[in-house]
Amino acid sequence: MSASPAVRNAAADRPVNFSAGPAILPLEVLEEAARGVIALDGIGLSVMEISHRSAAFETIYERAHEGLKRLLRVPDTHEVLFLQGGARGQFAQVPLNFLKQGQTARFVVSGYWAQGALEEAATLGQAEALVSSEDRQFAELPSLDGVDIPKGTAYVHTTSNNTLYGTQWPQMPSFGPDVRHVCDMSSDILSRPIDVSDYALIYAGAQKNAGPSGITIVIVDKQWMAEGRQDIPKIWRYDVMAKNQSMYNTPPTFAIYCVDLVAQWLEGLGGLDAIAERNETKARLLYDAIDGSGGFYRGTVTRPEHRSRMTVTYRLPSEQLDKQFVAESAGQGLVGLKGHRAVGGIRASIYNAMDVAGVERLVDFMQDFARRHG
Ligand code: PMP
């Protein structure tokens, strides 16, 4: 998939988008989606105008589903679902299905979203922190050294990339075959290869690396899914959704169409090994600029091995300079760099669709800004 020369020209002065989400999408995907909004090839109608039960949509659904399965090497033991309600929906749906009386859900509390997942589970059953790095202001990942998983644990919940604090597990922790591992991969899904068989359930809102908002990717162990509660509303049951190809109700057809396009784009680039390499390169460029600034820019993550390849967070010598940096960068077409309101500072989200040239533009701006204000 490649963008037409006309769109490339028109896009030459588009802002470089560092937004945390909804976030940057590949230009090729946007152009193809724009065509699909008007008329699908061979159908003549908009992708938004056709039945989710039509053969044309079935083809799109299958391609998106198979594309994700190939990219993530999803084994036959696991089901891929397209749900609604975002990651926060999963904060509730996972315990609703799997947190039973007498069990406890245990959370690796590595940031704001992990804390949110714990709090939501606690409204439905017994939930507690297994470990937390809150006492370190989430500037590093919590240590799991010497931590045993108590009996009666329904599942352990982790967050692979902490979208506010700029930490990411270099390798996801493993809890052994007897522990159900549930992971929120909202802000780094499809950014690197993973071993799906390590997880009982993976979920991710699509709006950072996989498509537009409005769709949530869930990958669930089929055996575990069959053990889910049956006495809850059908619309919230994973097994009901799986039996109905995620179409128990009308799915977000346009969003699924975009996920299909993103998956095709990623496969065209060479899949997750290739994108992981490009993501490493981008992150290295930015961290080198931070570390080479003589202290003008300070990374917020205290342990270098916990630094994220998706979410690069840093501060300037004062809040006033943080503000000035955000304003001036926006003036130069570098947008979305303001840190989350709960944290402040600068946050550059460099998801899959950001190319190396976009990061180089930010690095050039950082060096120029530091020269002028350092
Ligand atoms: N988890 C993580 C790691 C996130 O980054 C976000 C959104 N930034 C959420 C959960 C919440 O996602 P949603 O808005 O799709 O519910």
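All of the points below concern the structure found in this document. (Residues numbered from 1 in each chain as written. Predicted model: local features only at pLDDT ≥ 70, side-chain atom pairs only at ≥ 80, totals over all residues. Heavy atoms only, no water.)

Tallying each qualifying case throughout the model produces three cavities of 30 Å³ or more. Roughly 50 Å³ of internal volume is contained in the largest cavity. What lines the largest cavity is simply Leu72, Ser160, Met172, Met185, Asp188, Ile189, Leu190, Ser191, Arg192 and Ile194. For the lining of the largest cavity, the per-class residue count stands at six nonpolar, two polar and two charged. Considered as a void within the structure, the second largest cavity measures approximately 40 Å³ in volume. (1 Å grid on protein atoms, 1.4 Å probe; cavity = no way out; pocket = protein on both sides within 12 Å on 5 of 7 lines; lining within 4 Å. Points joined across faces, edges and corners; volume = space filled by probe spheres on them. Nonpolar A, V, L, I, M, F, W, Y, C, P; charged D, E, K, R; others polar.)

Read from one edge to the other, the open sheet built from seven strands follows the order E2-E10-E9-E8-E5-E3-E4, with strand pairing classed as mixed. Because the sheet does not close on itself, it has two edges, and the strands there are strand E2 (78-83) and strand E4 (126-132). Averaged over all pairs of adjacent strands, the angle between their axes in this sheet comes to 20°, without regard to strand direction. The pairing of strand E5 (residues 153-159) with strand E8 (residues 181-184) spans four bridges and is parallel. Counted as the bridge partner of Thr159 is Asp184 from E8. Each of E2, E5, E8, strand E9 (201-205) and strand E10 (216-221) is contacted by helix H4 (residues 86-98), which is oriented at about 155° to E9, the strand it contacts most. Along the sheet, helix H5 (residues 112-122) makes contact with strand E3 (104-109), E4, E5, E8 and E9, crossing E3 at roughly 165°. (Pairing = 2+ DSSP bridges. Helix = DSSP H or I, 4+ residues; strand = E, 2+ residues; numbered from the N terminus. Axes fitted to C-alpha atoms, helices over the stretch in contact; angles between N-to-C directions. Contact = heavy atoms within 4.5 Å.)

We now examine the environment of Val363. Residue placement: Val363 occurs in helix H11 (residues 356-373). We classify Val363 as buried; its relative accessible area is 10%. Remark: the alpha-carbon pair of Val363 and Val301, spanning 62 residues in sequence, is separated by 19 Å. With residues near it in sequence (within four places) discarded, Val363 still touches Leu285, Leu286 and Ala289. (Buried < 20%, exposed > 50% of the residue type's maximum accessible area, 1.4 Å probe, protein only.)

In this section: the nonpolar core. Counting 51 residues, the largest nonpolar core has Leu72, Phe82, Ile189, Leu190 and Ile219 as its most contacted members. Breaking this core down by element, the ones donating at least two residues are helix H2 (27-38), helix H3 (55-71), E2, E4, E9, E10, helix H8 (253-269) and helix H9 (271-291). Among the elements that take part in this core, H8 stands out by supplying 10 residues, more than any other. The residues touching Leu190, leaving out its near neighbours within four places in the chain, are Leu68, Leu71, Leu72, Asn209, Ala210, Leu266, Leu272, Ile275 and Asn352. Counting 33 residues, the second largest nonpolar core, distinct from the first, contains Ala283, Ile346, Val363 and Met366. (Core = buried A, V, L, I, M, F, W, Y, C linked by side-chain atoms within 4.5 Å.)

One face of the sheet, then the other: side chains in a regular strand alternate in exactly this way. Note: E3 against E4, six bridges, orientation parallel. What sits directly across from Thr104, in E4, is Gln126. Between E3 and its parallel partner E4, the chain crosses via H5, and the hand of that crossover is right-handed. (Right-handed = clockwise from strand over helix to strand, strands pointing away.)

Before going further, it helps to spend a moment on the packing of aromatic side chains. Using the criterion set out here, one finds 18 aromatic pairs in the structure. Plain terms: the ring middles of Phe107 and Tyr155 are 6.3 Å apart, the flat faces sit at 70° to each other, and that makes the pair edge-to-face. Taken as a pair, Phe107 in strand E3 and Tyr155 in strand E5 lie far apart in primary sequence, 48 residues in all. For the pair Phe107 and Tyr155, a shared accessibility class is recorded, and that class is buried. (Phe/Tyr/Trp six-rings, centres within 6.5 Å; stacked < 30°, edge-to-face > 60°.)

Time to look at the sheet that holds strand E11 (residues 298-299). Consider a sheet: its strands pair through backbone hydrogen bonds, and that pairing is either parallel or antiparallel. In space, the three strands of this open sheet follow the order E11-E12-E14, with antiparallel pairing throughout. Every other strand in the sheet has two partners, leaving E11 and strand E14 (346-349) as the edge strands with one partner each. In this structure, E11 lies alongside strand E12 (residues 311-315), joined through two bridges in antiparallel fashion. Considered in E12, the bridge of Gly299 is made with Tyr314.

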